[in-house]
Amino acid sequence: MNLIDVHCHLNHAQFKEDLPEVIKRAQEVGIKVIIVSGVNTSANHEVLKLAEKYPLIKASLGIYPIDALGLSEGETGLPRQPEPINLEEEFKFIEKNKDKIISIGEIGMDFHWASKEATGEKQADNFRKIINFAKRINKPVVIHSRKAEAECIQILQEEISTQEIPVIMHCFSGKKILINQAAALDHYFSIPPNIVKSDQFQTLVKIVPLTQLLTETDSPWLSPIKEQRNEPSFVIETIRKIAEIKQLTPEQVAVQIWENYQKAFLQK
């Protein structure tokens, strides 16, 4: 099987000691591509270096909504962003490296770590600017929408016309009505391995056509195994669960998701 992890953070501190072994285990289960996502200026530099070092890794350069504001989530294991990101300067850096990257992300809005009342307008403004930059350099966007699913869908609908650039909803946690709304807009949904225990992701997979599903891990988070670090090799657990839900073989699911990856990220 050709497997794909479309979103993870292998530049996280938890992978500092054993990344070569993590990459090897991913290859052993059949993973052909791992997309590592940046969240801020420092992380984007790290992601590019990983992509240069490991042929399996593709870079996605991002501007995480909380980092864009210069706010802190605490110790995340990723590079800190102590001040607001200068979007225009980051756009220049990303555009300079556009031939080395596969997508823009993660980007979006977040009302879990920052209140809608205090930051909603600024987050929306940043999000629109980043979307339009991604359109200009013709790269798909990977969307973080925690507790801001409806707002993200609305902005995406306003800013991206059908077939303009692909949209990948990372770890989407919206209600059924929002799942249907995003699916009707032809958005893709990337599903992490904790689908094995998550009613939310199982429901999403039941609703969304297989042609709009992708696999991710969000490593080191969202592990299918309690208190164990997540890693790209666990994508196989997502494949198996999707196959169970869709009443298909894992091989059938893997073939379609690989095709989805090519359409979404390579625009084939």
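Residues numbered from 1 in each chain as written. Predicted model: local features only at pLDDT ≥ 70, side-chain atom pairs only at ≥ 80, totals over all residues. Heavy atoms only, no water.

Looking at this structure, I do not really get the pairing of strand 1 (residues 3-8). What am I missing?
Summarising burial for strand 1: six of the six residues are buried, a large majority. Looking at chain direction, strand 1 and strand 2 (residues 31-37) are connected through four bridges and run parallel. Pairing of Ile4 across the sheet is with Val33, part of strand 2. Once the chain exits strand 1 it traverses helix 1 (residues 19-29) before rejoining the sheet at strand 2, and the crossover so formed is right-handed. (Buried < 20%, exposed > 50% of the residue type's maximum accessible area, 1.4 Å probe, protein only. Helix = DSSP H or I, 4+ residues; strand = E, 2+ residues; numbered from the N terminus. Pairing = 2+ DSSP bridges. Right-handed = clockwise from strand over helix to strand, strands pointing away.)

I'm lost on the sheet that holds strand 1 in this one. Help?
Strand pairing within a sheet occurs via backbone hydrogen bonds; the two strands may be parallel or antiparallel. Reading across from one edge, 1-2-3-4-5-6-7-8 is the order of the eight strands in this open sheet, with parallel pairing throughout. Looking at strand neighbours, the two that pair on one side only are strand 1 and strand 8 (213-215), the edges of this open sheet. Between one strand axis and the next, the sheet turns by 30° as a mean value, whatever way the strands run. In terms of strand pairing, strand 4 (residues 101-108) meets strand 5 (residues 141-144) through three bridges, oriented parallel. Bridge assignment links Gly108 to a residue of strand 5, and that residue is His144. Its contacts with the sheet put helix 9 (residues 235-246) on strand 1, strand 2, strand 7 (188-191) and strand 8, and the angle it makes with strand 8 is roughly 150°. With respect to the sheet, helix 10 (residues 250-265) is in contact with strand 1, strand 2, strand 4, strand 5, strand 6 (167-170), strand 7 and strand 8, its orientation differing from that of strand 8 by roughly 95°. (Axes fitted to C-alpha atoms, helices over the stretch in contact; angles between N-to-C directions. Contact = heavy atoms within 4.5 Å.)

How should the packing of aromatic side chains be read in this particular structure?
The geometry of two aromatic rings is summed up by the distance between their centres and the angle between their planes. One pass over the structure, following the stated rule, counts four aromatic pairs. Ring centres of Phe172 and Phe189 lie 5.7 Å apart, and the angle between their planes is 80°; on these two criteria the pair is classed as edge-to-face. Taken together, the residues Phe172 in the loop between strand 6 and helix 7 (176-184) and Phe189 in strand 7 connect sequence positions 17 residues apart. A relative accessible area of 1% means that Phe172 is categorised as buried. Under the relative-accessibility criterion, Phe189 is labelled buried at 0%. Here Trp258 and Tyr261 contribute two aromatic rings whose centre-to-centre distance is 5.1 Å and whose plane-to-plane angle is 50°, an arrangement assigned as tilted. Here Trp258 pairs with Tyr261, and both are found in helix 10, just three residues apart, close to one helical turn. Across the pair, exposure class does not vary: Trp258 and Tyr261 are buried alike. (Phe/Tyr/Trp six-rings, centres within 6.5 Å; stacked < 30°, edge-to-face > 60°.)

Is there a simple way to think about helix 9 in this case?
Structural remark: α-helix, 3.6 residues per turn; residues separated by three or four positions point the same way. Its 12 residues place the ends of helix 9 17 Å apart at the C-alpha level, agreeing with the 16 Å of an ideal helix rising 1.5 Å per residue. Val235, Ile236, Thr238, Ile239, Lys241, Ile242, Ala243 and Ile245 are the residues of helix 9 that are buried. Its buried side turned inward, helix 9 meets strand 1, strand 2, strand 7, helix 8 (199-207), strand 8 and helix 10. (Expected span 1.5 Å × (residues − 1).)

Is there a simple way to think about the pattern of salt bridges in this case?
Side-chain pairing between opposite charges can occur once the charged atoms of the two side chains come close. This model, assessed by the stated rule, comprises 14 salt bridges. With its nearest N and O atoms 2.8 Å apart, the salt bridge here joins Glu151 to Lys116. Pair noted here: Glu151 is in helix 6 (residues 149-159) and Lys116 is in helix 5 (residues 116-137), with a separation of 35 residues, a long-range link. With a relative accessible area of 44%, Lys116 lands in the partly exposed category. Across the pair Arg229 and Glu231 runs a salt bridge, and its minimum N-O distance is 3.3 Å. (Salt bridge = Lys/Arg side-chain N within 4 Å of Asp/Glu carboxyl O.)

Is there a simple way to explain helix 8 in this structure?
Restricting attention to buried positions, one finds in helix 8 the residues Phe201, Gln202, Leu204 and Val205. The arc enclosing the buried residues of helix 8, seen along the axis, measures out at 160°, which places them on a common side. Opposite the packed face of helix 8, turned more than 90 degrees from it, sit the exposed residues Asp199 and Lys206. The secondary structure elements touched by the buried residues of helix 8 are helix 7, strand 7, strand 8 and helix 9. (Arc of directions from axis to C-beta.)

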